[in-house]
Amino acid sequence: MKNNIIEPKYANGTIFPEIETWSKAVSSVVYKLVTPRFTETDFPEISTTKAREAYIERSTKSHGDLGELKKETHTLLIELEPQMSLLDAWLETRGEVIDINDFIIFPILRSLSIVDELSFSTNISHYMARIAEAAKINLLFDQAK
């Protein structure tokens, strides 16, 4: 409560250390996989030529040649696979609860849904569909590249 104003609470719980570790472990690979694909999407944020060019320029400065990154997809997916297995096992023991950890996990998985070559386990796919429905946020499979 700040200045007698009650702030809404959107998620309960604490961030599990294994989820924090997982998100840090996958972040670099995820950025390398999704950034080149994001530049080819129909996102409203980059719908104008100028906005798309600025996004591509900024992304290239941060991550390197986007075409080269896309060529590395197979290698990056191999690098990501053990981490996805860890997440799959964690989700299996978790149940249907929605908490603060989903604010970390779901955006990463949603972003990865734009990677056409990535197959998700049944468990992770069910999780993604359940959270997408609860949050009323579409996954990116229809824009996968």
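Residues numbered from 1 in each chain as written. Predicted model: local features only at pLDDT ≥ 70, side-chain atom pairs only at ≥ 80, totals over all residues. Heavy atoms only, no water.

Overview of the nonpolar core
Within the largest apolar cluster, 35 residues are counted, with the highest numbers of intra-cluster contacts made by L33, L80, L87, L109 and L112. Those elements giving two or more residues to this core turn out to be α1 (17-38), α4 (73-94), α5 (102-112) and α6 (122-135). When residues in this core are grouped by element, the largest group, eight residues, is from α1. Here L112 is in contact with V30, L33, V34, L80, M84, L118 and F120, once residues within four sequence places are set aside. (Core = buried A, V, L, I, M, F, W, Y, C linked by side-chain atoms within 4.5 Å. Buried < 20%, exposed > 50% of the residue type's maximum accessible area, 1.4 Å probe, protein only. Helix = DSSP H or I, 4+ residues; strand = E, 2+ residues; numbered from the N terminus. Contact = heavy atoms within 4.5 Å.)

Some points on the layout of surface pockets
Counted as a void, the largest pocket has a volume near 210 Å³. Surrounding the largest pocket, 16 residues form its lining, V30, Y31, V34, F38 and S111 being those nearest its centre. Elements with a minimum of two residues in the lining of the largest pocket: α1, α2 (49-63) and α5. Element by element, the count of residues in the lining of the largest pocket is highest for α1, at eight residues. Among the residues forming the lining of the largest pocket, the class breakdown is eight nonpolar, seven polar and one charged. (1 Å grid on protein atoms, 1.4 Å probe; cavity = no way out; pocket = protein on both sides within 12 Å on 5 of 7 lines; lining within 4 Å. Points joined across faces, edges and corners; volume = space filled by probe spheres on them. Nonpolar A, V, L, I, M, F, W, Y, C, P; charged D, E, K, R; others polar.)

Here we look at the packing of α4 against α6
Direction vectors running N to C along α4 and α6 enclose 65°, while the axes themselves pass 9 Å from each other. Judged by the inter-axis angle, α4 sits roughly perpendicular to α6. Two packed elements cross with a definite hand, and for α4 against α6 that hand is left-handed. Between α4 and α6, the residues in contact are M84, L87, D88, L91, E92 and R94 and N123, I124 and Y127, respectively. Residues that form the contact of α4 with α6 fall into these classes: five nonpolar, one polar and three charged. (Axes fitted to C-alpha atoms, helices over the stretch in contact; angles between N-to-C directions. Parallel < 35°, antiparallel > 145°, perpendicular 65-115°, else oblique. Left-handed = near helix turned anticlockwise from the far one by under 90°.)

A few points about α4
Taking 1.5 Å as the rise per residue, α4 with 22 residues should run 32 Å; its terminal C-alpha atoms sit 30 Å apart, in good agreement. Of the surrounding secondary structure, the elements contacted by the buried residues of α4 are α1, α3 (66-71), α5 and α6. Phi for G95, located one or two positions after α4, is positive at around 90°. (Expected span 1.5 Å × (residues − 1).)

Points about the pattern of salt bridges
Applying the stated criterion across every chain yields a total of eight salt bridges. Notably, a salt bridge pairs K24 with E20, separated by 3.4 Å at the nearest N-O pair. Of this pair, K24 and E20 both sit in helix α1, four residues apart, which is roughly one turn of the helix. Here E96 ties to R130 by a salt bridge, and the two come within 3.4 Å at their closest N and O atoms. With E96 in the loop between α4 and α5 and R130 in helix α6, the pair connects residues that are 34 residues apart, well separated along the chain. Overlapping salt bridges, with partners in common, bring together R94, D99 and D102 in one network. (Salt bridge = Lys/Arg side-chain N within 4 Å of Asp/Glu carboxyl O.)

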